[in-house]
Amino acid sequence: AQSVTQLDSQVPVFEEAPVELRCNYSSSVSVYLFWYVQYPNQGLQLLLKYLSGSTLVESINGFEAEFNKSQTSFHLRKPSVHISDTAEYFCAVSSMDSSYKLIFGSGTRLLVRP
Amino acid sequence: NAGVTQTPKFRILKIGQSMTLQCTQDMNHNYMYWYRQDPGMGLKLIYYSVGAGITDKGEVPNGYNVSRSTTEDFPLRLELAAPSQTSVYFCASSYSMAVAGGGEQYFGPGTRLTVT
């Protein structure tokens with residue numbers, strides 16, 4: 001079985017500062033990894049995903065995440081955040097032998113202050 | 001494309017009542033899912049379906065039922081509502097991972113349910 005841990009329930013940061021949202025997973029088999037974003041009163045949207053290949057993946061709005069197999073991590077980073085990045089961010093994992101079933105972390109609320 | 005649509009947006013139920021949450025997708029996805037989201041708990045999978053006529057339990061299926069008679073629709077039925085079912089419910093759909101671009105789940109806007 002897989003599990004996902006997001007240690008930070010809330011991360012406050014000032015606008016234009018860098019941010020890292022941490023995600024660690026456990027699995028006995030190879031995995032696919034995802035970051036989803038949820039804006040207030042909306043459903044989740046995919047931000048980026050790692051399926052295979054390059055361990056560094058990027059989103060269109062400046063976020064990036066790096067798959068680190070040895071540390072079983074998939075941390076999300078952005079070098080300079082905007083007010084509009086305020087949202088809840090969820091890390092999720094699926095196993096390669098059951099790829100359609102996502103296991104979500106408990107979420108990290110990113111609060112960007114002016 | 002409308003994507004994944006859910007109705008209703010909000011609902012208040014009394015204990016013991018029943019209701020059906022509707023979910024429809026127009027992307028011809030074969031996989032569909034129901035999740036519940038509780039504060040600070042992330043999303044938990046209730047039921048999922050890998051195609052019309054095929055459903056299976058997720059992590060938290062007790063108190064719920066589903067059916068999948070068509071590719072597009074995946075309703076979630078609550079029988080004998082209980083306060084523990086107060087939550088936000090999300091429906092999602094996806095292609096299988098074997099399909100190019102697969103793996104991404106597309107979510108509906110959610111249904112906020114209160115049981116009192």
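Residues numbered from 1 in each chain as written. Chains lettered and ligands numbered in written order. Predicted model: local features only at pLDDT ≥ 70, side-chain atom pairs only at ≥ 80, totals over all residues. Heavy atoms only, no water.

Draft legend 1. The interface of chain A and chain B, seen in detail. Taken together, the contact between chain A and chain B spans 21 residues of the former and 23 residues of the latter. Carbon and sulfur atoms make up 60% of the surface buried where chain A meets chain B, a total of about 1700 Å² over both sides. Counting the surface chain A buries against chain B, the share from its top three residues, L44(A), Y100(A) and F104(A), is 33%. The interface formed by chain A and chain B includes two residue pairs in polar contact (both at pLDDT 80 or more). (Contact = heavy atoms within 4.5 Å. Buried area = accessible area lost by both parts, 1.4 Å probe. Polar contact = N/O pair within 3.5 Å; in protein donor to acceptor, adjacent residues only side chain to side chain.)

Draft legend 2. Fine view of the confidence of the model for chain A. Summarising the model, chain A shows a mean pLDDT of 92, and 99% of its residues fall at 70 or more. Taking the mean pLDDT of every element in chain A, the minimum, 79, falls on strand β11 (residues 98-104) of chain A and the maximum, 98, on strand β3 (residues 19-21) of chain A. (pLDDT = per-residue confidence, 0-100. Helix = DSSP H or I, 4+ residues; strand = E, 2+ residues; numbered from the N terminus.)

Draft legend 3. Spatial organisation of the environment of F90(B). By secondary structure assignment, the location of F90(B) is in strand β9 (residues 87-94). Put simply, F90(B) and W34(B) are 56 residues apart on the chain and 5.8 Å apart in space, counted from C-alpha to C-alpha.

Draft legend 4. A look at the state of the cysteines. Overall, the coordinates contain two disulfides over all chains when judged by the stated rule. Covalent S-S linkage joins C23(A) and C91(A), the inter-sulfur distance amounting to 1.9 Å. Judged by the sign of its S-S torsion, about -65°, the bond between C23(A) and C91(A) is left-handed. Remark: C91(A) occurs in strand β10 (residues 87-95) and C23(A) occurs in the loop between β3 and β4 (24-26); sequence separation between them is 68 residues. The same class applies to C23(A) and to C91(A), which are both buried. The partner cysteine of C23(B) in its disulfide is C91(B), sulfur to sulfur 1.8 Å. On the S-S bond that ties C23(B) to C91(B), the torsion sits near -70°, and the link is left-handed. (Disulfide = S-S within 2.5 Å. Buried < 20%, exposed > 50% of the residue type's maximum accessible area, 1.4 Å probe, protein only.)

Draft legend 5. Here's a closer look at the packing of aromatic side chains. Per the counting criterion, the structure on display carries twelve aromatic pairs over all chains. Three or more aromatic residues link up through ring pairs in this structure, and these residues are F34(A), Y36(A), F90(A), F104(A), Y33(B), Y35(B) and F107(B). Across from the ring centre of F74(B), 6.0 Å away, lies the NZ or CZ of R68(B), which sits over that ring. (Phe/Tyr/Trp six-rings, centres within 6.5 Å; stacked < 30°, edge-to-face > 60°. Lys NZ or Arg CZ within 6 Å of the ring centre and 35° of its normal.)

Draft legend 6. Focus on the sheet that holds strand β1 (residues 4-7) of chain B. Residue and element names in this part refer to chain B. Within the open sheet, the four strands sit side by side as β1-β3-β8-β7. Their pairing is antiparallel. Each end of this open sheet is capped by a strand with a single partner; those strands are β1 and β7 (64-66). Each neighbouring strand pair of the sheet contributes to a mean axis angle of 20°, computed without reference to strand direction. Where β7 meets strand β8 (residues 76-78), three bridges bridge the pair, whose relative direction is antiparallel. Within β8, the position partnered with V66 by the bridge is L76. (Pairing = 2+ DSSP bridges. Axes fitted to C-alpha atoms, helices over the stretch in contact; angles between N-to-C directions.)

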